[in-house]
Amino acid sequence: DLMVPLVHELIHVNQMHEGKLMITEDGIFIWNMKTYELIIEDLPYEEYLMLPWEADVRHRQPKLLQEILKSYKFSSLSNGAHPLELACIDSTSFL
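Residues numbered from 1 in each chain as written. Predicted model: local features only at pLDDT ≥ 70, side-chain atom pairs only at ≥ 80, totals over all residues. Heavy atoms only, no water.

S.K.: Looking at this structure, I do not really get the packing of aromatic side chains. What am I missing?
M.R.: In this description, a pair of aromatic rings is defined by centroid distance and the angle of the planes. Within the structure shown, the criterion is met by 3 aromatic pairs. With a centroid separation of 6.2 Å and an interplanar angle of 25°, the aromatic rings of Tyr45 and Tyr48 are classed as stacked. In this pair, Tyr45 and Tyr48 are both assigned in helix H2 (residues 45-50), 3 residues apart and thus about one turn of the helix distant. Grouped by ring-pair contacts, the aromatic residues Phe29, Tyr36 and Trp53 constitute a single cluster. (Phe/Tyr/Trp six-rings, centres within 6.5 Å; stacked < 30°, edge-to-face > 60°. Helix = DSSP H or I, 4+ residues; strand = E, 2+ residues; numbered from the N terminus.)

As structure tokens, this is what we get:
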């Protein structure tokens, strides 16, 4: 399903928009003003999942997915909007 990775990345975009997550041109990650100099590709998957910006996504993603699907079900009764349309139209209200 395309919705799960799309919402995952949308949350990262929101983290960047809010200034919580920054990624420099050199690939240095900054989360809440703390610098992480690491090579993501070299991390074991379990360690990658523990990175704070990924933990934040795991915390926020279920609620956002639920809200999008709830909006889609409501909207599909009235105007037949596609769930990706809904995610793009008003996703910031759930973030």
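S.K.: Is there a simple way to explain unusual backbone geometry in this structure?
M.R.: Most peptide bonds take the trans form, and the phi angle of most residues other than glycine is negative. For Asn32, which is not glycine, the phi torsion reads 50° and is therefore positive. Assignment of secondary structure puts Asn32 in the loop between strand E2 (29-31) and strand E3 (34-36). Here Asn32 falls in the partly exposed class, since its relative accessible area comes to 46%. In the Ramachandran plot, Met33 falls in the positive-phi region, its phi being about 70° despite a non-glycine side chain. With respect to the element layout, Met33 can be found in the loop between E2 and E3. With a relative accessible area of 71%, Met33 lands in the exposed category. (Buried < 20%, exposed > 50% of the residue type's maximum accessible area, 1.4 Å probe, protein only.)

S.K.: I would appreciate a short explanation of the sheet that holds E2 in the present structure.
M.R.: Through backbone hydrogen bonds, the strands of a sheet pair up, either in parallel or in antiparallel fashion. Taken together, the 3 strands give an open sheet; going across it, the order is E1-E2-E3, and neighbouring strands pair in antiparallel fashion. Of all strands in the sheet, those bounded by a partner on one side alone are strand E1 (21-23) and E3. Neighbouring strand axes in the sheet, compared pairwise and without regard to direction, differ in orientation by 20° on average. Here E1 pairs with E2 via 3 bridges, running antiparallel. From the neighbouring strand, Leu21 faces E2, where its bridge partner is Trp31. (Pairing = 2+ DSSP bridges. Axes fitted to C-alpha atoms, helices over the stretch in contact; angles between N-to-C directions.)

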